[in-house]
Amino acid sequence: VVSSGVMTSPSPVAAHPQNKLVDSFKRPHSYLRISITERCNLRCQYCMPLEGVELTPKPELLTTREIVELAQVFAGLGVTKIRLTGGEPLVNKDVIYLIESLKQIEGIDCVALTTNGLTLARSLPDLLNAGLDNVNISLDTLIPQKFSFVSRRPESGLRKVLKGIEAALASPLKSVKVNTVVMKGVNDDEIQDFVRLTKDDPLSVRFLEFM
């Protein structure tokens, strides 16, 4: 994982003699997540304080060019899939250029994006033209009042997210997934409603444990 200019990993990873990434359990790694911003246009209660967070000074962050160069290094070590995350990656003005650049790297077969979906419908044509393959949309409720409560943003935001999901499903994207953080007493009564979303559309819903 590369998070806002600082590379981390759940377990020690090093280059294998055959020029591949393996961890201390001898597992090969071909999937890299890169956080391209700390900024977000939501203030979800489980994720960020209402006033936001203190941002890392810009000189300490990877530049867009450095992210591409780093991706090239990892591609040479066997990484074939890269996911762009945040914060909210769509607030990064260079996200389209990044996707285009990553798709041109030899060995990278898939570029994916995880987004809260607020601006997805508007951004999707440019994302597709850049070569985006997959998208994951974070959505914790289908009820406007709950959306406002969880995200600390207007209820109208839910319509924008749902419009983004609809646009993604109608697009040539290879995979569209929804990530839902399940919170007791908040949205655990909506689990079946989320499951029903998958009945008629090629949509995967993944339920995440509230930490």
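In what follows, the accompanying structure is described.

What counts and how
Residues numbered from 1 in each chain as written. Predicted model: local features only at pLDDT ≥ 70, side-chain atom pairs only at ≥ 80, totals over all residues. Heavy atoms only, no water. Salt bridge = Lys/Arg side-chain N within 4 Å of Asp/Glu carboxyl O. Buried < 20%, exposed > 50% of the residue type's maximum accessible area, 1.4 Å probe, protein only. Phe/Tyr/Trp six-rings, centres within 6.5 Å; stacked < 30°, edge-to-face > 60°. Helix = DSSP H or I, 4+ residues; strand = E, 2+ residues; numbered from the N terminus. Lys NZ or Arg CZ within 6 Å of the ring centre and 35° of its normal. Core = buried A, V, L, I, M, F, W, Y, C linked by side-chain atoms within 4.5 Å. Contact = heavy atoms within 4.5 Å. Axes fitted to C-alpha atoms, helices over the stretch in contact; angles between N-to-C directions. Parallel < 35°, antiparallel > 145°, perpendicular 65-115°, else oblique. Left-handed = near helix turned anticlockwise from the far one by under 90°. Nonpolar A, V, L, I, M, F, W, Y, C, P; charged D, E, K, R; others polar. Pairing = 2+ DSSP bridges. Right-handed = clockwise from strand over helix to strand, strands pointing away.

1. Quick notes on the pattern of salt bridges
Using the criterion set out here, one finds eight salt bridges in the structure. The shortest N-O distance in the salt bridge between R27 and D23 comes to 2.7 Å. Exposure remark for D23: the relative accessible area of 4% places this residue in the buried category. For the salt bridge of D133 with K103, the shortest nitrogen-to-oxygen distance reads 2.9 Å.

2. Some thoughts on the packing of aromatic side chains
All chains considered together, the criterion is met by two aromatic pairs. On the numbers, 6.4 Å between centres and 80 degrees between planes, the contact of Y46 with F210 is edge-to-face. Placement of Y46 in the loop between β5 (31–35) and α1 (64–76) and of F210 in the segment after β10 (204–209) is noted, with a sequence separation of 164 residues between them. When its relative accessible area of 31% is taken as the criterion, Y46 is described as partly exposed. Relative to F207, the ring of F194 lies with its centre 6.4 Å away and its plane at 90 degrees, an arrangement referred to as edge-to-face. Taken together, the residues span a long stretch of sequence, with F194 in helix α6 (residues 191–196) and F207 in strand β10 at a distance of 13 residues. With relative accessibility at 1%, the residue F194 sits in the buried group. The cationic tip of K81 hangs over the ring face of Y31; the distance from NZ or CZ to the ring centre is 4.8 Å.

3. A word on the nonpolar core
I82, L84, I99, L120 and L139 are the most contacted members of the largest nonpolar core, which has 44 residues in total. Broken down by element, this core gets its largest block of residues, five residues, from α1. Those residues within four positions of L84 in sequence are excluded, and the remaining contacts are I34, I36, P89, V95, L98, I99, L102, A112, L113 and T114.

4. Here's the deal with the packing of α1 against helix α2 (residues 95–103)
Their axes nearest at 10 Å, the elements α1 and α2 cross at an angle of 25 degrees. When the axis of α1 is compared with that of α2, the two are roughly parallel. Where α1 crosses over α2, the two elements pack in a sense that is right-handed. Here α1 contributes T64, I67, V68 and A71 to the contact with α2, which in turn contributes Y97, L98, S101 and L102. Along the lines of polarity and charge, the residues of the contact of α1 with α2 split into six nonpolar, two polar and no charged.

5. Thoughts on the packing of helix α3 (residues 120–130) against helix α5 (residues 156–169)
Two measures define how a pair of helices packs: the angle their axes make with one another and the distance between the axes. Direction vectors running N to C along α3 and α5 enclose 30 degrees, while the axes themselves pass 8 Å from each other. As the angle between them shows, α3 and α5 are arranged roughly parallel. For the pair formed by α3 and α5, the contact residues are L120, A121 and L124 on the first element and K163, G164, A167 and A168 on the second. Split by residue class, the contact of α3 with α5 holds five nonpolar, one polar and one charged.

6. Considerations on the pairing of strand β9 (residues 175–182)
Taken across its eight residues, β9 has six buried, putting it largely inside the fold. Relative to β9, strand β8 (residues 134–138) runs parallel, the two being bridged by five bridges. In the strand pairing of β9, N134 is matched with S175. One ladder, built from six bridges, connects β9 with β10; its direction is parallel. Note that in β10 the partner of V178 across the bridge is V205. Handedness of the β-α-β unit built from β9, α6 and β10 comes out right-handed.

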